[in-house]
Amino acid sequence: MDKLQKKLLSKLLENPSVQIKKAVIWHIPMTNYTVAFHRVKRSKMDILMKMMLLTFEQAQIRRAANLAEMLLVEELFIEDLLKKMQRTGLIRLETGSYKLTSKGQGQIKTGVMEEELEEESAVLSYSTIHDEFWPERTDPLPESDEVLPVYRYANDQNFIDADRILHVLAERRNSVDEDGFQIIVAAVNSFEEQEVENITFLEFQLYNKEQDIYYARVWNTWLGRWDETLEKQIEDKERLEWRK
Amino acid sequence: MIKTQKTEYRCPITLTNKAKDKMRELGLDERSFFLLEKSFHVYIEKYPQSGDGLVSAALFFDMEKNERLADKFNRFVVVLHCLVKQDRLVVTNVTTRPAHIPAASNWRASADLTFDLNAQGSGPMPYGLLDLIHNMPVAQESSMYVKKRIASWEGYLKIQEQSADIPDITSHYSTLVFNDDFSRVKIAGCQLNEKEWKSLKDMSVKLKGIDQDIGKVMKANRSAATVEVEVHGYMEDQARRGRLDSHPREVTFSNFATLSQVKRLRQGFKQLENGLAANPELERLLFENKPPVKEIKKQAKLQFHNRLNEFQQAAVIGAMSAEDLYVIQGPPGTGKTTVISEICLQNAKAGLRTLVASQSNLAVDNALGRLLANKDIRILRVGRTESIEEEGKKFIEENVGQYWKDHTLKEVSSQFEARKHRETEVEAEWAANEQEQERFQKKLAQVEDELEAKQKAQQLYNEIQDIIEKHKMDIHDAEKEGQTVQQLLQKIEQSLRLLNDTIEQDENFLAEEPDRDLFQKELEENQQEIVRLQDSVALQVLENEINQQKLTIDKVSAECEKWKEATNQQDALTGKIAAAKKIDTLKWLMLEQNFTRSLQVQSLLSKLDHLRERMKQLDKLKEYNEKLNRAISYLEKSLGNQHGHQREQLKTTPPISTTAEQIDQLLDTLRSELKGKSTIHPQRLEAFLKGLYGRRSFIWKKAEQLKLNDTDKKVAQEALQQLKQELIAQLKPILDDNKMIFQKYQRDLAEQTAKLTFLQNKSTQMRASADIIPNAKEFLHEKEAKVFDLQAKKEQYAQANLRIERNRTKREQETLQLKQARQKQTEIESRLSELSGILKEKEDEVIPLNEILSSEPEREHEEVLKKLASISFTRESLKQEKEKLPLFQSVQGVWQSLLEEANEHDLNEIRKLYVKHANVIGTTCVASARKDFIESYPIFDVVIIDEVSKATPPELLLPMLKGKKVILVGDHHQLPPLLGNDTLEETLQEMAQESEDFEGKAELKKLLQESLFERLFKNLPKSNKTMLAIQYRMHENIMETITPFYMQENEQLQCGLADSELDRDHKLSSPLIKRNNHLLWLDMPNEPAFFEERMKGGKSLFNPAELKRIGELLKELDDAAAEAKQAGRMEANQKKSIGVISFYGEQVKRIDRMLQQELCLTHLTIRTGTVDRFQGMEMDVILLSMVRNHDNKQDDIGFARDYRRLNVALSRAKELLVMIGSTKMFTERSKNKEARKMYTHVLESAKKQDGLRTLEEVSLHG
């Protein structure tokens, strides 16, 4: 930890007008969640085209305008797709209204079909202070021997729900396979709070004498970056004090 | 872009040998070439006429439309250069052009030509083709026109090119030092040469190992070997991770972006030159003093989708109706964006594609962000994703699928939800509709009955009305007649009264007056008396005359005597003169009588005087002779006879010249010697005697000379005589005069005596008949007056008599007339009463009818019919809805769930469709000239450019080139373009410092004075421009400060807020700011403690005193906001938006530092910036730090002088504007009169609103 602190210090002091007023180390709590979810596999679909096919099954559509009114979609789009579908042989005009061809019916079937995949699980790391899910880490965190104080403005609010988790998982796990099928996170089956981890932060309070400004630099060891959220929080709460 | 005339011509053609050779060189066969197509699509370009008058032209072959030609030969465009003859084209040369240069242009005419190689004998060229070539413009001339005009815009490019043409600069560096929030980085240890250091500013910065640019150079400090870079926002994460600082440490500064921008601008010039504008008239619209806009055929009739005021409506209608160019002047807060939004929607509905362009990304995003979400509008934002603002992001290509989905899902869901309740509603409505219909059917029947009754009543009413009308007419006639008679009666009565009076008067008069004879007698007596008096007066006059005459005679005879006496005196004088014997007597007379001493008299007198002098000298000589004789004789005696002979000798002593005195002296000496000595030596005596003798003989000699001879005497006699005559002659005229006057008086006397005699005779005669009466004259006047009086009376008397007689006759006549008239009146009255009886009857009959008629069954009928129609319409639509409802509900249900599930991949097709059919495209001016953009969107039906005044003409040209119609929106009373980060003044200042000889400077300055927008706005006809004159941003008190800037326009700036106090209540209350204050000026004294300062080694200014003041004020505002929350005027989580702005960048930097480091303001959201940067923004509250404050006589207020900058500064605030600066500096010390005037207006406005805070007040509260 000392090594890291020294490294960061020397980096900061590369700026000759900077003075370090204070350097402290502390930690914040990070909660891990194990999540059970499942994904589905389905074909990519052009949803408007699919909707049009579905509608032709149900209703007598004679003109693009009828469909545009029903779906609240631009007539131009409908017209374009009608032409395309006629050209590719999905539909044809029969006694004044559009009807699906057998190819069209086949298309609907594949478009509608979904394959549910096995349940999977994942661990998500959540920082209450940032109200953020953090990415997984593979390399180990630097260890500290001392018992570190907890961050002075720590809180234990928690805004987690299934929807947010689904959203995070969708971003991380949605994909397209080699056959062009989509693999989509469909549902979060359950999620469970695990142990709380302490993440070490190195805080530096700086003074730039050239510009006469005080500011904070806070190194987030989990993300390996200067953490603007905490920097700003500390500055907002303490800067006027520092200037006194 | 191109006039596509679809005209096909037969075209005889031959080739010269040179052309044939050229074709072979190009690998073309003459025969087969012309056989490739049945007819070729070509563009004809006309060349300037050669000296010999031959017309020549070039044919450019279209490489897309001529498919077979293109198949065979697609690397180049083939060009045939031809002479145009009456019967054919003669190809003189064949060349090629690169395929990417478009063959079509506004200077070329397109045509389809079928070439005929058998030119001989195939007849002349078609007239149409010849005519086409003859009438088309010469391409080079059109290009030259553009080239010449566009040259004036070169200055803008030169500024940007100044630093543009520099190759990339690469250097090692030692460290990267980031600032507190990673928005800037200082690159230390750069190794560059001098020239490179100078050119760094604004270049983009790239670090080895990082793909994207990390930012832009703000400042290069050569002595410290550091480069300060403004880091792009998207680089912050990388910077925080420390990923930017990696080995090898190598930085590259590149100018690529600027360079490609300038290239694009140049390319715009070129396109215009080459006739590639979508609107073929564009260059003339831009450059002609009177832009030749097409006449507007008819005003569009529109239905609006936004709420627009009259000006906004006019702008939209105008813009939609204009054919080619429309300009909208939009002062601050007047809803320009709303207008743009409405125009876009109108265009979309009309199936037109619109380009919305602006100089800055921010403005483009602003404009797009405010467009209505409407399914007819498909917005696409084109540009580099990282430079697009949040509002524009949803419209970039990768997001439009999502945007479309969100919008469609919202629409579908709301319809779906609404329809859930609709089924039961429809049933209920259906039932209600049926009931209603029934009710109205009944009502219809009833109303129709009423209608019929009314028609009948109407008929009857009309009949009666006719009769009434007729009777009314009769009555009217009778009444009129009656009136006439009445008038006659009155007239006669009046006349009679008058007559009687007159007669009575006259009779009275006659009775009172005495008889006529008595008059006569008195008159005669008086006349006699008058004669008597007249005689007496005449006599009196005569007497007076006689007395007068006598006096005259006395006077004349006295005069006569006087003159007689004078004559006698003169005579006596003459006698005296003649008798005078002596000259002295004459002299005396001359003196006494004051004679004139004429020349003659003078000479005579002097002659006489001379003679007398000689006589006198003789007398003297005689005297001395005797004296000498006595002495001689004495001496002779004394000597006796001694020395006798000697004495005889002595006697002959020669004369000794001597004078009288010498003689007297000699004699005295002799006497004294004789007395003194008893004896005197005889010799001595002899000597004496000798002297005496000598002297005596001298006297003798002298006497001889002087003695008068006879001639002398005679002369004297004559002279005396002459003198006498002369004097007498002088007297003679006086004597004559006197005699004449005397005679005249004698004659006069005789005359007067004769006259007297005559008068006396006359008097004697008159006395015989008249006496002298005392005061006769006065009596005479009296008597004459009396006679005049009497005669008048006599006349009056006679007239009265005559009048009485006449009047009596007249009275008799009139009495008769009166009688007749009275009779007639009675007749008329009886007729009238009869008529009104009938009328009354008829009118009574009408009353019940009126009641029926006043009811209005027609209207009700119409309404009932309308209602029925609407009922059946509703019924019909309900019926349709009832039928469709289940289907719609089921389809939309499915659709809704599909949309909800859809992800990026699912929307791919939609995205493609959307982009294909996008009808509102937004991008920046410069980006509109990017190659990919031009390829996707070569042309737009309408191009709208927002914030036009902030773009330079070359920038504006780029989007303009693409529009068939161009709509410009801007405000030339706000600031002109910014160049880079600086104001233009700063840029110019800097350039002037860097290179003395920057040529474009003067030219550019001139261009900056009047922008393209301003010129167009001023010169376009009314039909092609509008000013939006109602603003909704500012409290009217704030608006007041900027109204003078718009005084020159046709419309005055108005405030559109219904209630400024309510709509723009800032809700704050503090010691300095009252609830009703909306405009404050915190005056800073014009004293050294408050003066501006210049930053070290820089040019920008700041003002520490104002800075401090702003800090205090912000605290006060923060407290006021807290108080407002407590008092419930503001929501607890609401923050006041405050803009702190300044004319100077350095002051803004210091404000930023202060905000970050020294203040903690929890109830405010603060944005800062220079005035220039704030253009287009608005805030609840604005604090303006004016900075300038000094007492340097040489210096002025810098660019705070520009009214456009002040306009922008004043017009950002919605609720409260606080100016912090020296009133004295700006309203008094400013050098420019206009500047003083505009700041004084602001100050006066502030004062009027009780908004001036002086330092005393400030420190009192602060």
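Look up: the structure comes first, before these words.
Residues numbered from 1 in each chain as written. Chains lettered and ligands numbered in written order. Predicted model: local features only at pLDDT ≥ 70, side-chain atom pairs only at ≥ 80, totals over all residues.

S.K.: How should the overall build of chain A be read in this particular structure?
M.R.: Each helix and strand counted, chain A has seven helices and nine strands in total. Across chain A, the fraction of contacts at a sequence separation of at least 24, relative to all contacts at a separation of at least 6, is 69%. (Helix = DSSP H or I, 4+ residues; strand = E, 2+ residues; numbered from the N terminus. Contact = placed C-beta atoms within 7 Å.)

S.K.: Would you mind showing me how to read the overall build of chain B here?
M.R.: The number of helices and strands found in chain B is 40 helices and 30 strands. Out of the 1262 residues belonging to chain B, those deemed buried represent 31%. (Buried ≥ 20, exposed ≤ 12 C-beta atoms within 10 Å, placed from the backbone.)

S.K.: It is not clear to me how the interface of chain B and chain A should be interpreted in this structure. Could you clarify?
M.R.: You'll often see interface size given as the accessible area lost when the parts meet. Counting residues at the interface gives 33 residues for chain B and 36 residues for chain A. Among the elements that take part in the side of chain B that touches chain A, helix α25 (residues 857–901) of chain B stands out by supplying eight residues, more than any other. For the side of chain B that touches chain A, the residue count by class is 14 nonpolar, 10 polar and nine charged. (Nonpolar A, V, L, I, M, F, W, Y, C, P; charged D, E, K, R; others polar.)

S.K.: I would appreciate a short explanation of the sheet that holds strand β10 (residues 204–207) of chain B in the present structure.
M.R.: Each strand in a sheet pairs with its neighbour through backbone hydrogen bonds, running either in the same direction (parallel) or in the opposite one (antiparallel). Residue and element names in this part refer to chain B. Strand order in this open sheet of seven strands is β7-β13-β10-β11-β12-β9-β8, and the pairing throughout is antiparallel. This sheet does not close on itself; its edge strands, each paired only once, are β7 (169–172) and β8 (175–178). On average, each strand axis in the sheet is inclined to that of its neighbour by 35 degrees, with strand direction left out of account. For β8 and strand β9 (residues 184–188), the ladder comprises four bridges, and the chain directions are antiparallel. Its bridge partner lying in β9, F178 is registered against V185. (Pairing = 2+ DSSP bridges. Axes fitted to C-alpha atoms, helices over the stretch in contact; angles between N-to-C directions.)

S.K.: I tried to follow the environment of T1162 of chain B on my own but got confused; where do I start?
M.R.: As for its position among the elements, T1162 of chain B is in the loop between α35 (1145–1158) and β27 (1164–1170). Each C-alpha atom of the pair T1162 of chain B and D1118 of chain B lies 7.0 Å from the other, and the pair is 44 residues apart in sequence.

S.K.: Looking at this structure, I do not really get helix α6 (residues 162–173) of chain A. What am I missing?
M.R.: One full turn of an α-helix is made of 3.6 residues, so residues set three or four places apart face in the same direction. Residue and element names in this part refer to chain A. For α6, spanning 12 residues, the distance from its first C-alpha to its last is 15 Å, which sits close to the expected 16 Å at 1.5 Å a residue. Burial in α6 covers these residues: I165, V168 and L169. Projected down its long axis, α6 carries its buried residues within an arc of 95 degrees, all on one side. Of the residues in α6, the exposed ones pointing more than 90 degrees away from the buried face are D163 and E171. Of the surrounding elements, those touching the buried residues of α6 are β1 (18–43), β4 (114–127), β5 (132–134) and β7 (181–208). (Expected span 1.5 Å × (residues − 1). Arc of directions from axis to C-beta.)

S.K.: Would you mind showing me how to read the environment of E228 of chain A here?
M.R.: Of note, E228 of chain A is situated in helix α7 (residues 228–243). When the C-alpha positions of E228 of chain A and A216 of chain A are compared, they lie 9.2 Å apart, and in sequence the two are 12 residues distant.

S.K.: Sorry if this is basic, but what is going on with unusual backbone geometry here?
M.R.: Across residues other than glycine, the phi torsion is negative in most instances, and most of the peptide bonds are trans. Residues and elements named next belong to chain A. Phi is positive for T95, which is not a glycine, with a value near 40 degrees. Assignment of secondary structure puts T95 in the loop between β2 (91–94) and β3 (97–100). Positioned with a positive phi, D212 is a non-glycine residue whose angle comes to about 55 degrees. Inspection of the secondary structure assignment puts D212 in the loop between β7 and β8 (213–220).

S.K.: Please clarify how the sheet that holds strand β14 (residues 325–329) of chain B should be interpreted in this entry.
M.R.: Residue and element names in this part refer to chain B. Reading across the sheet, the seven strands line up as β16-β17-β15-β18-β19-β14-β20 and stay open at both edges, with parallel pairing between neighbours. In this open sheet, the two edge strands, each paired with only one partner strand, are β16 (379–381) and β20 (1025–1027). Put simply, the sheet's adjacent strands are angled 15 degrees from each other on average, direction ignored. Sheet topology note: the β14/β20 ladder contains three bridges and is parallel. For I328, the partnering residue across the bridge sits in β20 and is T1026. Contacts between helix α13 (residues 361–369) and the sheet are confined to β15 (354–358), β16, β17 (920–924) and β18 (940–946), with β15 contributing the most and set at about 140 degrees to the helix.

S.K.: Looking at this structure, I do not really get the packing of helix α2 (residues 47–58) of chain A against α25 of chain B. What am I missing?
M.R.: It is the contact of α2 of chain A with α25 of chain B, at a shortest axis distance of 10 Å, that shows an interaxial angle of 155 degrees. When the axis of α2 of chain A is compared with that of α25 of chain B, the two are roughly antiparallel. Crossing of α2 of chain A against α25 of chain B: the hand is right-handed. Taking contact as the criterion, the partners of I47, K50, M51, L54, T55 and Q58 of chain A in α2 of chain A are, on α25 of chain B, L887, S890, V891, V894, W895, L898 and L899 of chain B. Tallied by class, the residues present in the contact of α2 of chain A with α25 of chain B amount to nine nonpolar, three polar and one charged. (Parallel < 35°, antiparallel > 145°, perpendicular 65-115°, else oblique. Left-handed = near helix turned anticlockwise from the far one by under 90°.)

S.K.: Help me out: how do you make sense of the packing of helix α19 (residues 599–639) of chain B against helix α23 (residues 710–769) of chain B in this one?
M.R.: A pair of packed helices is captured by two measures, namely the crossing angle of their axes and the spacing between those axes. All names here are of chain B. Closest axis-to-axis distance for the α19/α23 pair is 9 Å, and the angle between their directions is 150 degrees. On the basis of their axis angle, the class for α19 and α23 is roughly antiparallel. Helix-helix and strand crossings are classified by hand; for α19 and α23 the assignment is left-handed. Residues Q600, V601, L604, K607, L608 and L611 of α19 lie in contact with α23, whose contacting residues are D712, A716, A719, L720, Q722, L723 and E726.

S.K.: Is there a simple way to think about the nonpolar core in this case?
M.R.: Grouped burial of nonpolar side chains is what soluble globular proteins tend to show. Residue and element names in this part refer to chain B. Ranked by internal contacts, the top residues of the largest apolar core, which has 181 residues, are V356, I944, I967 and L968. If one sorts the elements of this core by residue count, helix α34 (residues 1104–1126) sits on top with eight residues. When near neighbours in sequence (up to four residues on either side) are disregarded, V356 contacts I340, C344, V364, A367, L368, V920, I921, G922, I944 and D946. (Core = buried A, V, L, I, M, F, W, Y, C linked by C-beta atoms within 7 Å.)

S.K.: Looking at this model, I keep getting lost on the pairing of β4 of chain A. Mind explaining?
M.R.: Where a strand is regular, its side chains alternate between the two sheet faces. Residues and elements named next belong to chain A. Alignment of β1 against β4, held across 12 bridges, turns out to be antiparallel. Paired with T34 across the strands is V123, a residue of β4. Pairing of β4 with β5, which is carried by three bridges, proceeds in the antiparallel orientation. Across the sheet, residue S125 finds its bridge partner in β5, namely W134. Between β4 and the antiparallel strand that follows it, β5, lie four residues; D131 among them carries a positive phi value of about 50 degrees.

S.K.: I tried to follow the environment of E154 of chain B on my own but got confused; where do I start?
M.R.: Of note, E154 of chain B is situated in helix α6 (residues 154–161). Residues E154 of chain B and R266 of chain B lie 112 residues apart in sequence; the distance between their C-alpha atoms is 9.1 Å.

S.K.: Before we go on, may I ask you to explain the pairing of β2 of chain A in this structure?
M.R.: Residue and element names in this part refer to chain A. In this structure, β2 lies alongside β3, joined through four bridges in antiparallel fashion. Considered in β3, the bridge of I91 is made with L100. Where β2 folds back on β3, the antiparallel hairpin that results is connected by two residues, among which T95 adopts a positive phi of roughly 40 degrees.

S.K.: Sorry if this is basic, but what is going on with helix α12 (residues 336–349) of chain B here?
M.R.: Residues and elements named next belong to chain B. With 14 residues, α12 should cover 20 Å at 1.5 Å per step; its first-to-last C-alpha distance of 20 Å lies within 8% of that length. Along α12, 13 of the 14 residues are buried, which leaves the element largely enclosed by surrounding structure. G351 sits one or two residues past α12 and shows a positive phi near 75 degrees.

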